[in-house]
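Chain residues, written in single-letter form:
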There are 4 protein chains.
Amino acid sequence: MAEQHGNVVGNMGDQKMNSENNYKFETIGLIGRYGDSTVGTLLNDLSAYLRNRKLNVLLDESTASILPDHKLKVADRHTLGEQCDLVIVLGGDGTLLNAVRSLSDYDIPVLGINRGRLGFLADIQPDEMEKYLDEIFEGKYITKERFLLHTTIEREGEQISESNAFNDVVVHKWDVARMIEVKIFIDNQYVNTMRSDGLIVSTPTGSTAYALSGGGPIINPSLNAIVLVPICPHTMSNRPIVIDGDSKIRIKVKNASQSQAQITCDGQINLGLVSGDYVLIGKKDKPVTLIHPANHDYYEILRAKLRWGERL
Amino acid sequence: MAEQHGNVVGNMGDQKMNSENNYKFETIGLIGRYGDSTVGTLLNDLSAYLRNRKLNVLLDESTASILPDHKLKVADRHTLGEQCDLVIVLGGDGTLLNAVRSLSDYDIPVLGINRGRLGFLADIQPDEMEKYLDEIFEGKYITKERFLLHTTIEREGEQISESNAFNDVVVHKWDVARMIEVKIFIDNQYVNTMRSDGLIVSTPTGSTAYALSGGGPIINPSLNAIVLVPICPHTMSNRPIVIDGDSKIRIKVKNASQSQAQITCDGQINLGLVSGDYVLIGKKDKPVTLIHPANHDYYEILRAKLRWGERL
Amino acid sequence: MAEQHGNVVGNMGDQKMNSENNYKFETIGLIGRYGDSTVGTLLNDLSAYLRNRKLNVLLDESTASILPDHKLKVADRHTLGEQCDLVIVLGGDGTLLNAVRSLSDYDIPVLGINRGRLGFLADIQPDEMEKYLDEIFEGKYITKERFLLHTTIEREGEQISESNAFNDVVVHKWDVARMIEVKIFIDNQYVNTMRSDGLIVSTPTGSTAYALSGGGPIINPSLNAIVLVPICPHTMSNRPIVIDGDSKIRIKVKNASQSQAQITCDGQINLGLVSGDYVLIGKKDKPVTLIHPANHDYYEILRAKLRWGERL
Amino acid sequence: MAEQHGNVVGNMGDQKMNSENNYKFETIGLIGRYGDSTVGTLLNDLSAYLRNRKLNVLLDESTASILPDHKLKVADRHTLGEQCDLVIVLGGDGTLLNAVRSLSDYDIPVLGINRGRLGFLADIQPDEMEKYLDEIFEGKYITKERFLLHTTIEREGEQISESNAFNDVVVHKWDVARMIEVKIFIDNQYVNTMRSDGLIVSTPTGSTAYALSGGGPIINPSLNAIVLVPICPHTMSNRPIVIDGDSKIRIKVKNASQSQAQITCDGQINLGLVSGDYVLIGKKDKPVTLIHPANHDYYEILRAKLRWGERL
């Protein structure tokens, strides 16, 4: 079964479709929500299902450590990336974000199964898991390519760090009540010098996360674009700017004092910035591929999550 | 001189550059601000300059009608489109918008000379006109391709009108204080049913116009994107959505009563809508080409127009 | 029973409480949703309940006209205002708004019974109607005083119209795509000249209605304040302004053309404005009194209506 | 001269006017911008002017320490508060904010002289200083009463700190990228549980400061109101709320981890919060009195600072 290639399932609107889904799913990696042992039952059901389909299953090391009775082969993240044809993530969007970031150097599609609450990324509910997995292993699914942001920090001419973000890179004030001042360049053109609580640089994927709280627009995930959203800017005309996804963004931190700004990737990875540091942000060369059921509908999820159509 | 082709002037960042500017400027059309006779002096200076360069000059009919002593050959808009290699517009962004719309079926670049106030589109000031025209006729300029929106209205299965917009197409309530209800589809996918004062569908060019007043983001004009901005939506989570520039947008007007909604293109062309009408909006097949001085800098204009960097 | 005076029910937080509710409810007026005959069953239940309590009941003329079998004494709005001690409105917030406006010259409290959907003003659901009416006629209720806006239009020195609004007075463009320009004065001090789609002048009651869609703040109804909310202003720093409830607002319409602006009260009453007209807005001298169940909680309604606390 | 009482200068619109200005200005305190020795020249001019008027002058201790050649009598903040009839602040709005806070327990009016840039609070420019001081010492001035916020923190039932704010009290996340969760009560009524980057509680004075960057309305300083502005709230309907100035606000910090939230008063005083802490905010019992020139016009300052009326 798993040898079958995916078939075309028609024009899916905004989704990127291969004319033929050429994935071959034989070895499946499983990643559960970090530190959450309640994922155990769902994981047992899933691994039973997969064994039944005669698929190889590898359980992520950190998930294994909190699930003593799993009886699955365990692998570290690197091995998952090397050996799996598909990684299934059990958890919410946050879990999927982390899984995608950690696997971003491997060419491996990711599928998300949510637990209870609908996610933008993990859109399969537990009670429909079997039905959709049947379809997916029979080749009925769609794939969506999404891009990550790759960020480096340059201090006194040297690159001091490097990280990836699937949602957003945020440069923000830290340990200080005052605004920070940043100087923004896009493709080496000076844009402006802005005083604010910070700046969110977001992918379309991240546009429905923190960037939305900051006043940014919703960006269809199929659009090759990046949005810059100022957080509580001092000047009211400092509005969100949407630019080409292939732009190179350079942010100079202009703080007088040290360590009053930080950079955060996907709300998780923090790095302190000092005055004069440059933050360089651009699209990561390798995209990530998400697997969705064939009937996946981005706008339906949007309507559900943002409660559109419900009257006040 | 005018036979010279434009030369490459280096990497201009976000602007679209031909590796060689292959325009040959021999016949120049002139369009002045509609109904504004004060444009006469500037127009005389400009036509003297152009005659001096041995270029053919054609004056737009409607501009000619209010400038009795122009001594120029007069042509209607169609003839301008057929015979000119370049149209120079004297006026503000509004004048240029109209000129671009009326010439949108011809393959002819447009250059804007502003009068006093800096424009997003017409970015040459009168006092620097000669200097920049010298450069442009010597081939030192950049070109920017921008797209228009093409809109048709379907009533009971038949197309009843067709129009173009360079900034935006707005579906809004009319002659009524109540909100209107519209149903939005993108690429045949249902997006949502929205109650609001209206919906702005804007090009990147229009993103700094009405769409910005409505809460939309700034979109870099080089991005192939369209933004949908709800006007005073009833549901607060009905936020601006940025989608691919090649999307097909379909809006169904759901008013109970007749003639309580209208569609406006670039704030100029109005058409009444009745319940059940479909408004179809997509990118016009033919882009427009704007000519800018070689040192044109989009972000510099943005900083100037939005007063970025000025402290409160 | 009905002779009993209301008793104090403790400190109700933001609500205005009389130390003793001194209303005597003997004659009750009933007003149903305009043109809506489905209100008939509820109205029959209510009138049976009231007759049972030996109260006099007067049915509003316009409601009576669509309910042929009501068997109640009918009265016009003026007679309701003159003879009733309490008016009960069956319908939503819109119905209550209209009832309050039409009774605003009489000193008569109003109670709203909603039909299905919770309202900001009409907060009693049909299935809890009897329970709450029992309490209210036994004197257990709270009263809230709210103010209306009184608006006059002055043309060439003469007052040409006069109207009241419970939610808001809106000066907006009409039959035109372009912005209008208005000059705003507060207590004879010049505030600014604003280009926009219009200006909403709202009471605290109206702050959760159209003003909220326009970007205004929520204002606790107990606050003596008025908010001015610009609709899609041209200048981004034209933000909502909250001023004292006793301020006198004067708006000069600066349109070049005639009849391109209108004034709307509570989204219902429309009057055309011409260039040079002055719109004068201030608090109406007579407040309106709303009757609520003793457990009325403004913030609970706010949470329910705005879906606070629900996760994305 | 200084013995003269101020005279009525007519109805000044929104300003609070005593029917007779009953201040007697004999001993004048001077406070300069903290740590800024460039204020020296202006301070010398001012002290010469005041000696000329035979007034006693006391120089603030911290200002004296950076101005070696001042030859003035020096006093600490407490002595200034005890002995002065008027304190003149040389600096911007920030300097005046600090001065007002430090003198908030004394009944002493404050006058601000700005240095170059117009302030909302310090509205006298150096070049018009003498002219306005002449008028003020002749009794031609207006006074404006403004209120401060008084904040206490309760930890496990005990009050652990107390502070004042003239602009705003901000509860915000600290040292953490994730949102914080706060539970808000107003006058002991539960309002909502909000996830956000923080909450700004602002006076009308502060409504044109950080609260405006966060999306809050402008509040006329004469209004007795407080505004709560959520910072980047997770739920889009969590909008600014304007409440009565005499309300008691209670905020419960619901963080899981310790020290991931802080409270900041006027962007200056920081205190760490732990999970379970209560922040109590209310109007300080003693208002502050600002002295302004007789022609002071709040809306004129607003127009200048927010660049209203300037075209895009």
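No experiment lies behind these values; they were computed from the predicted model shown. (Residues numbered from 1 in each chain as written. Chains lettered and ligands numbered in written order. Predicted model: local features only at pLDDT ≥ 70, side-chain atom pairs only at ≥ 80, totals over all residues. Heavy atoms only, no water.)

### Remarks on the relation of the copies chain A and chain D
Note: a rotation about an axis with an accompanying shift along it relates these two copies of the chain. Once chain A is rotated about the relating axis by 180° and shifted along it by 0.0 Å, it coincides with chain D to within an RMSD of 0.0 Å. In symmetry terms, the pair is related by a two-fold rotation axis. By C-alpha distance to the rotation axis, the residue of chain A lying nearest is Asp175(A), at 3.0 Å. Most of the interface of chain A is mirrored in chain D, where 100% of its interface residues again form contacts. (Least-squares fit on C-alpha atoms with pLDDT ≥ 70 in both. Contact = heavy atoms within 4.5 Å.)

### Section: the relation of the copies chain B and chain A
Each copy of the sequence occupies a distinct position, and chain B is placed on chain A by a rotation of 180° and an axial shift of 0.0 Å, giving an RMSD of 0.1 Å. Here 95% of the interface residues in chain B have copies in chain A that are interface residues too; the copies meet face to matching face.

### Digging into the domain arrangement of chain A
All names here are of chain A. Structurally, chain A comprises domain 1 (4-147 + 287-306) and domain 2 (149-283). For domain 1 versus domain 2, the distance between C-alpha centres works out to 30 Å. Taken together, the contacts link 18 residues of domain 1 with 23 residues of domain 2. Summing both sides of the interface, domain 1 and domain 2 together bury roughly 1,600 Å²; the carbon and sulfur share of this comes to 66%. Considering only the surface of domain 1 that becomes buried against domain 2, Leu97, Arg101 and Phe147 emerge as the three largest contributors, covering 48% of it. Applying the counting rule to domain 1 against domain 2 returns one salt bridge. Asp266 serves as the salt-bridge partner of Arg101, at 2.4 Å between the closest nitrogen and oxygen. (Domains from an automatic or database assignment. Buried area = accessible area lost by both parts, 1.4 Å probe. Salt bridge = Lys/Arg side-chain N within 4 Å of Asp/Glu carboxyl O.)

### Examining the interface of chain B and chain A
Listed by partner, the interface residues are 43 residues for chain B and 41 residues for chain A. Overall, the association of chain B and chain A removes approximately 3,400 Å² of surface from exposure, summing both partners, and the carbon and sulfur fraction of that is 54%. For the pair chain B and chain A, the interface holds zero salt bridges. Along the contact surface separating chain B from chain A lie 18 residue pairs in polar contact (both at pLDDT 80 or more). Sorting the residues of the side of chain B that touches chain A by element identifies β11 (189-196), β13 (218-219), β15 (241-244) and α7 (298-306) of chain B as the ones contributing at least two each. Per-element tally for the side of chain B that touches chain A: the top contributor is β11(B), with six residues. Looking at the side of chain B that touches chain A residue by residue, the class counts come to 19 nonpolar, 14 polar and ten charged. As judged from the two bridges shared by strand β15 (residues 241-244) of chain A and β13(B), these two strands associate in the parallel manner. Bridge pairing in β13(B) places Ile241(A) opposite Ile218(B). (Polar contact = N/O pair within 3.5 Å; in protein donor to acceptor, adjacent residues only side chain to side chain. Helix = DSSP H or I, 4+ residues; strand = E, 2+ residues; numbered from the N terminus. Nonpolar A, V, L, I, M, F, W, Y, C, P; charged D, E, K, R; others polar. Pairing = 2+ DSSP bridges.)

### Things to note about the packing of aromatic side chains
How two aromatic rings sit relative to each other is set out by the distance from centre to centre and by the angle between their planes. Applying the stated criterion to the full structure yields 24 aromatic pairs over all chains. Ring plane angle 10° and centroid distance 6.0 Å describe the contact between Tyr23(D) and Phe25(D), whose orientation is recorded as stacked. Chaining the aromatic ring pairs together yields one cluster made of Tyr23(A), Phe25(A), Tyr49(A), Phe137(A) and Tyr141(A). Looking at Lys283(B), its charged tip hangs above the ring of Phe147(B), at a distance of 5.0 Å from the centre. (Phe/Tyr/Trp six-rings, centres within 6.5 Å; stacked < 30°, edge-to-face > 60°. Lys NZ or Arg CZ within 6 Å of the ring centre and 35° of its normal.)

### Side note on the nonpolar core
Counting 48 residues, the largest nonpolar core has Val242(A), Val242(B), Val242(C) and Val242(D) as its most contacted members. With residues near it in sequence (within four places) discarded, Val242(B) still touches Pro217(A), Ile218(A), Ile219(A), Asn220(A), Leu223(A), Val242(A), Pro217(B), Ile219(B), Ala225(B), Ile226(B) and Val227(B). (Core = buried A, V, L, I, M, F, W, Y, C linked by side-chain atoms within 4.5 Å. Buried < 20%, exposed > 50% of the residue type's maximum accessible area, 1.4 Å probe, protein only.)

### Things to note about the interface of chain A and chain D
Frequently, the measure chosen for interface size is the accessible area that the parts lose on association. Taken together, the contact pairs 21 residues of chain A with 21 residues of chain D. Viewed at the interface, chain D and chain A are joined by zero salt bridges. Inspection of the region where chain A meets chain D yields four residue pairs in polar contact (both at pLDDT 80 or more). By residue number, the principal contributor to the side of chain A that touches chain D is helix α6 (residues 210-213) of chain A, which donates three residues.

### Observations concerning the confidence of the model for chain A
Residue and element names in this part refer to chain A. Mean pLDDT over chain A works out to 89, with 90% of the residues at or above the 70 mark. Below a pLDDT of 50 lies the segment residues 1-20, which in the model reaches 55 contacts outside its immediate sequence neighbourhood of four places, other chains included. Among the prediction metrics, the complex's ipTM stands at 0.92, with pTM recorded as 0.93. (pLDDT = per-residue confidence, 0-100.)

### A closer look at the sheet that holds strand β18 (residues 269-273) of chain D
As summarised here, the arrangement of the seven strands in space is β13(C)-β15(D)-β14(D)-β12(D)-β9(D)-β17(D)-β18(D), forming an open sheet in which the pairing is mixed. The outermost strands of the open sheet, each flanked by one partner alone, are β13 (218-219) of chain C together with β18 of chain D. As paired strands, strand β12 (residues 198-202) of chain D and strand β14 (residues 225-231) of chain D are joined by five bridges and run antiparallel to one another. In the sheet register, Leu199(D) faces β14(D), and the bridge partner there is Pro230(D).

### Overview of the packing of helix α1 (residues 40-52) of chain C against helix α5 (residues 129-137) of chain C
Residues and elements named next belong to chain C. Contact geometry for α1 and α5: axes closest at 12 Å, N-to-C directions at 35°. Judged by the sense of rotation from one axis to the other, the crossing of α1 with α5 is right-handed. Residues Leu42, Asp45, Leu46, Tyr49 and Leu50 of α1 form the contact with α5, whose own contacting residues are Met129, Glu130, Leu133, Asp134 and Phe137. Classifying every residue of the contact of α1 with α5 gives seven nonpolar, no polar and three charged. (Axes fitted to C-alpha atoms, helices over the stretch in contact; angles between N-to-C directions. Left-handed = near helix turned anticlockwise from the far one by under 90°.)

### Quick notes on the sheet that holds strand β9 (residues 168-173) of chain A
Pairing is mixed in the open sheet, where seven strands are placed in the order β18(A)-β17(A)-β9(A)-β12(A)-β14(A)-β15(A)-β13(B). Only two strands of the sheet have a single neighbouring strand rather than two, namely β18 (269-273) of chain A together with β13 of chain B. Pairing analysis gives five bridges linking strand β17 (residues 261-265) of chain A to β18(A), with the strands arranged antiparallel. Each residue of the ladder has a partner; that of Ala261(A), found in β18(A), is Leu273(A).

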